[in-house]
Amino acid sequence: MNITIMKDTVKVTVNCTVTGEIYILVLPLEKWKKWKDGENIQIVFPCLAPHERELLISGITPAEWNQMFNA
């Protein structure tokens, strides 16, 4: 996972080890700080899909998750 903090946003880039796909999320810096300071990710980022929130929390992509748990 690569995190780039810009003026008002945070860019999160994750490379999937299974598919080679690159996931990029650009998030408001203010919300990122709230989450990093301990607020619940579902409250701070309700507009993100569950797999996107999991990506932020663990760095695990949907394909990696499926491979690990045979889903």
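Each value, and the rule that gives it
Residue numbers restart at each chain and count upward from 1, following the sequence in its written direction. Residues qualify for local features only when their pLDDT is at least 70, as the model is predicted, and side-chain atom pairs are given and counted only at 80 or more; totals for whole chains, interfaces and linings, by contrast, use all residues. Side-chain descriptors were evaluated using all non-hydrogen atoms of the structure, hydrogens and water having been removed beforehand. What we call a nonpolar core is a set of buried Ala, Val, Leu, Ile, Met, Phe, Trp, Tyr and Cys residues that are connected through their side-chain atoms within 4.5 Å. Relative accessibility decides the category of a residue: with a 1.4 Å probe and only protein chains considered, values under 20% of the type maximum give buried, values over 50% give exposed, and everything between is partly exposed. Only runs of H or I of at least four residues qualify as helices and only runs of E of at least two qualify as strands under DSSP, and these elements are numbered from the N terminus. By definition, residues are in contact when any of their heavy atoms lie within 4.5 Å. Should DSSP find at least two bridges between two strands, the strands are taken to pair. Lines fitted to C-alpha atoms define the axes here, with helix axes fitted over just the stretch in contact, and angles between the N-to-C directions of these axes take values from 0 to 180 degrees.

Student: Teacher, can you tell me more about the nonpolar core here?
Tutor: Within soluble globular proteins, side chains that are nonpolar generally end up buried alongside one another. Formed by 17 residues in total, the largest nonpolar core has its most connected members in Val 12, Leu 25, Leu 27, Trp 32, Trp 35, Phe 45 and Leu 56. Sorting the residues of this core by element identifies β2 (9-15), β3 (22-28), α1 (29-36), α2 (41-44) and α3 (50-58) as the ones contributing at least two each. In contact with Trp 32, not counting residues within four places along its chain, are Ile 3, Val 10, Val 12, Leu 27, Phe 45 and Leu 56.

Student: I would appreciate a short explanation of the sheet that holds strand β1 (residues 2-5) in the present structure.
Tutor: Backbone hydrogen bonds hold the strands of a sheet together, and the pairing may be parallel or antiparallel. What the three strands build is an open sheet, ordered β1-β2-β3; its pairing is antiparallel. If you trace the sheet from one side to the other, it starts and ends with β1 and β3, each paired once. Strand after strand, the sheet turns through a mean of 15 degrees between neighbouring axes, direction not considered. Two strands pair when backbone bridges link them, and β1 and β2 are joined in this way by four bridges, in the antiparallel orientation. Across the sheet, the residue bridging to Ile 5 is Val 10, located in β2. Along the sheet face, α1 touches β1, β2 and β3 and points at about 95 degrees away from the line of β3.

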